[in-house]
Amino acid sequence: IILDLSIRDSVATLISNYQDDMLTWALEGSYGIFKEYPDIKINLDVPYARLDELGFSESSLLVRTNIDADLVLQPADFFNGTINITNSAVASAGEVFTLPRLTIRSTSTENDYRLQLRSSLAEADYTGNVSPASIPGILNRHFARYYELPTYNLENDTLREKYFDF
């Protein structure tokens, strides 16, 4: 794993590269540290990841993707900016499934959230006064109030043991 971390003019920059037979990535990210509203810029390119070899799948599963994000962490409980997920594909059992480009755009202020999701498969918009990040917790509490939900014992996790050599 190659990590290059630098801080200049209140901006922390991380560049990381990794390559072996199971996983390859190239990551460039920056974080504005002492700004009123921190910003994050990320480009993560994963040309391939063998999820079965990494212990995330029982069957042969190969994925690739590219994630490009330009975000400002404002309002405090959400973000403004754009996330693009491109060049994504999944290969399994000799077949390759190409996934369409996905763009997530947020233009939010305190108590006025606007979120857009765009792809060739689906388009969705959210506008409201509740942070989209809090919606899963709200739904969970709602259903837990009316239905007895199963509990999961994470001590008996079925994923294989993970070993990492550096």
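For the structure, check the block above.
In what follows, the accompanying structure is described.

Although it is not a glycine, serine 10 sits at a positive phi angle of roughly 65 degrees. Within the element layout of this structure, serine 10 appears in the loop between β1 (2-8) and β2 (11-19). On the basis of relative accessibility, which here comes to 31%, the residue serine 10 falls in the partly exposed class. One non-glycine residue, asparagine 87, lies in the positive phi region at around 50 degrees. For asparagine 87, a relative accessible area of 46% corresponds to the partly exposed category.

Here we take up the packing of aromatic side chains. Enumeration according to the criterion identifies three aromatic pairs in this entry. Ring geometry for phenylalanine 78 versus tyrosine 113: centroids 6.1 Å apart, planes at 85 degrees, classification edge-to-face. Remark: tyrosine 113 occurs in strand β9 (residues 113-118) and phenylalanine 78 occurs in the loop between β5 (62-72) and β6 (80-92); sequence separation between them is 35 residues. Feature note: the residues Phe78, Phe79 and Tyr113 constitute an aromatic cluster, connected by ring pairs.

Rules used in this analysis
Residues numbered from 1 in each chain as written. Predicted model: local features only at pLDDT ≥ 70, side-chain atom pairs only at ≥ 80, totals over all residues. Heavy atoms only, no water. Helix = DSSP H or I, 4+ residues; strand = E, 2+ residues; numbered from the N terminus. Buried < 20%, exposed > 50% of the residue type's maximum accessible area, 1.4 Å probe, protein only. Phe/Tyr/Trp six-rings, centres within 6.5 Å; stacked < 30°, edge-to-face > 60°.

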